[in-house]
Amino acid sequence: MTASPIPASAELILPAPAKLNLMLHILGRRDDGYHELQTLFQFLDHGDELGFALRDDGEIRLHTAIDGVPHDGNLIVRAARQLQRQSGCRLGADIWLDKRLPMGGGIGGGSSDAATTLLGLNHLWRLGWDEDRLAALGLGLGADVPVFVRGRAAFAEGVGEKLQPVELAEPWFLVAVPQVLVSTAEVFNDPELTRDTPASTVRSLLEGGGRNDCQPVVEKRYPEVRNALILLNKFVSARLTGTGACVFGSFPTRGDADKVARQLPATLPSFVAQGRNISMLHRRLKELA
Ligand SMILES: C[C@@](CO)(OP(=O)(O)O)[C@H](O)COP(=O)(O)OP(=O)(O)OC[C@H]1O[C@@H](n2ccc(N)nc2=O)[C@H](O)[C@@H]1O
Ligand SMILES: Nc1ncnc2c1ncn2[C@@H]1O[C@H](COP(=O)(O)OP(=O)(O)O)[C@@H](O)[C@H]1O
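Keep in mind it's a predicted model, so treat the numbers as computed, not measured.

So, how was this worked out
Residues numbered from 1 in each chain as written. Chains lettered and ligands numbered in written order. Predicted model: local features only at pLDDT ≥ 70, side-chain atom pairs only at ≥ 80, totals over all residues. pLDDT = per-residue confidence, 0-100. Near = placed C-beta within 6 Å. Helix = DSSP H or I, 4+ residues; strand = E, 2+ residues; numbered from the N terminus. Nonpolar A, V, L, I, M, F, W, Y, C, P; charged D, E, K, R; others polar. UniProt positions renumbered as here; feature names shortened; annotations may be inferred. Buried ≥ 20, exposed ≤ 12 C-beta atoms within 10 Å, placed from the backbone. Contact = placed C-beta atoms within 7 Å. Axes fitted to C-alpha atoms, helices over the stretch in contact; angles between N-to-C directions. Left-handed = near helix turned anticlockwise from the far one by under 90°. Pairing = 2+ DSSP bridges. Domains from an automatic or database assignment. Core = buried A, V, L, I, M, F, W, Y, C linked by C-beta atoms within 7 Å.

Participant: Got a sec to walk through the confidence of the model for the protein chain? Specific residues and values, please.
Facilitator: Summary statistics for the protein chain give a mean pLDDT of 96 and a share of 99% for residues scoring 70 or more. We note a pTM of 0.96 for the whole complex and an ipTM of 0.94 for its interfaces.

Structure representation (structure tokens):
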């Protein structure tokens with residue numbers, strides 16, 4: 001195991017949990033190209049970790065580089081700068097990231113990092129912004145940021161911003177990570193994508209009705225994802241999360257999930273985590289309040 005890049009000088013350390021889309025229906029396409037969705041979000045007790053320390057010179061410095069993402073393009077830096085600008089805050093921050101979540105995996109790592117940054121700096125800079133304001137700012141950074149800001153498992157509509165909290169079972173998930181980066185924009189632009197699924201009631205979806213409309217397109221474009229689904233389906237009913245690449249199956253106990261994980265080939269990394277209706281970020285912030 002490698003050492004965490006977060007130094008002892010960090011004043012605040014917060015989790016940035018992953019999410020799963022337990023189902024994802026695409027109902028239509030808006031004039032701006034974005035798609036109307038229905039999806040169920042649940043958090044996992046596994047994620048990245050961020051460290052924060054105050055700077056009084058107003059600079060925002062992320063000290064951990066991510067391959068392929070320039071400093072100023074990182075959602076953490078973009079979130080921090082937006083919050084600083086919109087709040088008129090003169091303080092800055094040093095930020096460190098322990099990146100544990102695969103990128104482009106459909107488990108929301110970048111969006112979760114952005115939400116943790118918004119909530120972390122709101123706390124550190126003592127801004128006193130409420131969740132509505134932070135979620136509205138977050139939506140400008142990405143469709144998935146608001147659910148992480150609110151931290152409650154939710155049924156989402158619109159482009160993912162109309163959120164209704166839901167109580168879900170909290171099983172254990174085995175999440176397999178095909179070694180390929182799926183482009184969300186490419187999947188949404190595919191002419192073969194199903195875009196006309198009729199709206200369902202939240203009740204029927206909570207009862208297990210539902211699928212991921214992106215799955216056929218992702219399986220067609222990315223053989224690595226198709227193979228992962230074939231492998232996992234030998235043990236459990238497996239599904240894609242978001243636009244992939246990760247695929248998951250649920251189990252009643254950690255032991256059951258671990259047992260299947262041990263049988264997957266080394267070419268298909270995986271992790272086991274529990275589904276949570278309240279995110280680890282919000283649990284931690286509550287302890288700090
Ligand atoms: C579809 C989901 C489900 O959770 O997929 P994942 O990214 O998590 O796999 C998300 O809502 C994605 O959210 P996020 O990753 O924040 O997407 P954004 O950066 O806002 O958008 C990336 C691109 O995806 C397309 N897009 C995204 C969301 C949406 N409702 N309709 C779209 O058409 C747009 O082409 C956009 O340019
Ligand atoms: N802090 C960050 N963590 C991960 N990805 C980031 C981050 N900042 C910007 N990105 C960019 O966002 C893209 C999507 O990230 P990610 O949230 O991991 O995937 P997904 O939306 O599929 O779950 C990445 O491929 C990367 O280019």
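From this point on, the discussion continues.
Participant: Can you break down the site of ligand 2 residue by residue, with the values?
Facilitator: Around ligand 2, the structure places 17 residues, and the nearest of them are L75, M103, G109, G110 and D113. At the level of elements, α1 (75-87) and α2 (109-124) are the ones that each hand at least two residues to the shell around ligand 2. If one sorts the elements of the shell around ligand 2 by residue count, α2 sits on top with four residues. Grouping the constituent residues of the shell around ligand 2 by class yields six nonpolar, ten polar and one charged.

Participant: Lay out the UniProt feature "domain: GHMP kinase N-terminal" (unreviewed entry) in the protein chain with the relevant residues and their values.
Facilitator: Residues given the UniProt feature "domain: GHMP kinase N-terminal" (unreviewed entry) here are residues 74-151. Within residues 74-151, the helical portion is 56% and the strand portion 9%, while the C-alpha atoms at the span's ends are 21 Å from each other.

Participant: Can you explain helix α10 (residues 280-288)? Please cite residues and give values.
Facilitator: For α10, the set of buried residues is M280, L281 and H282. On its buried face, α10 sits against β1 (12-29), β2 (35-55), α2 and β10 (270-276).

Participant: Tell me about the packing of α1 against α2, residues and numbers included.
Facilitator: Orientation of α1 relative to α2, taken along the N-to-C sense of each, is 35°, at an axis distance of 8 Å. In this structure, α1 crosses over α2, and the sense of that crossing is right-handed. When α1 is examined against α2, the residues L75, I76, A79, A80 and L83 are found in contact with a partner set consisting of G110, S111, D113, A114, T117, L118 and L121. Among the residues forming the contact of α1 with α2, the class breakdown is eight nonpolar, three polar and one charged.

Participant: Any chance you could break down the pairing of β10 for me, citing the residues and the numbers?
Facilitator: In the sheet, β2 pairs with β10 via two bridges, with the strands oriented antiparallel. Considered in β10, the bridge of F43 is made with R276. Here strand β7 (residues 172-176) pairs with β10 via five bridges, running antiparallel. Considered in β10, the bridge of A176 is made with S270.

Participant: Give me the domain arrangement of the protein chain: which residues, what numbers.
Facilitator: With domains assigned, the protein chain is organised as domain 1 (12-166) and domain 2 (172-276). Of note, the centres of domain 1 and domain 2, computed from C-alpha atoms alone, are 22 Å apart. If you look at the interface, domain 1 gives 26 residues, while domain 2 gives 34 residues. With nine residues, the single largest contributor to the side of domain 1 that touches domain 2 is β1.

Participant: Tell me about the nonpolar core, residues and numbers included.
Facilitator: Core analysis: the largest hydrophobic core is formed by 70 residues, its most contacted members being I76, A80, I95, L118 and F173. Built from parts of two domains, this core gets at least three residues from each of domain 1 (12-166) and domain 2 (172-276). Setting aside residues no more than four positions away along its own chain, I95 makes contact with L50, G51, F52, R61, L62, H63, I76, A80 and T117.

Participant: Talk me through the UniProt feature "binding site: ATP" (unreviewed entry) in the protein chain; I want residue IDs and the actual numbers.
Facilitator: What UniProt calls "binding site: ATP" (unreviewed entry) maps, in this numbering, to P102, M103, G104, G105, G106, I107, G108, G109, G110, S111 and S112. Along the chain, G108 falls in the loop between β4 (92-98) and α2. For G108, a count of 28 C-beta atoms within 10 Å corresponds to the buried category. Filtering out sequence-adjacent residues up to four positions away, G108 remains in contact with A18, K19, D144 and F148. Along the polypeptide, S112 turns up in helix α2. Sequence-distant contacts of S112, defined by excluding residues within four places in its chain, comprise A16, P17, A18, G47, D48 and F148.

Participant: A description of the pairing of β2 should follow, citing residues and the corresponding values.
Facilitator: With 15 of 21 residues buried, β2 is to be regarded as a mostly interior element. Strand direction decides the pairing type here: β1 and β2, joined by 15 bridges, are antiparallel. Counterpart to G28 in the pairing with β2 is E36. Counting the residues between successive antiparallel strands, the hairpin from β1 to β2 contains five residues, one of them, G33, with a positive phi of roughly 90°. Here β2 runs beside strand β5 (residues 154-157); their pairing, made up of three bridges, is antiparallel. Across the sheet, the residue bridging to F41 is A154, located in β5.

Participant: Summarise the site of ligand 1; cite the residues concerned and give the values.
Facilitator: Around ligand 1, 20 residues are found, and the nearest of them are H35, G106, G142, F188 and G242. Sorting the residues of the shell around ligand 1 by element identifies β1, β2 and α5 (184-189) as the ones contributing at least two each. Taken together, the residues of the shell around ligand 1 break down into seven nonpolar, twelve polar and one charged. Per-domain counts for the shell around ligand 1 show at least three residues from each of domain 1 (12-166) and domain 2 (172-276).

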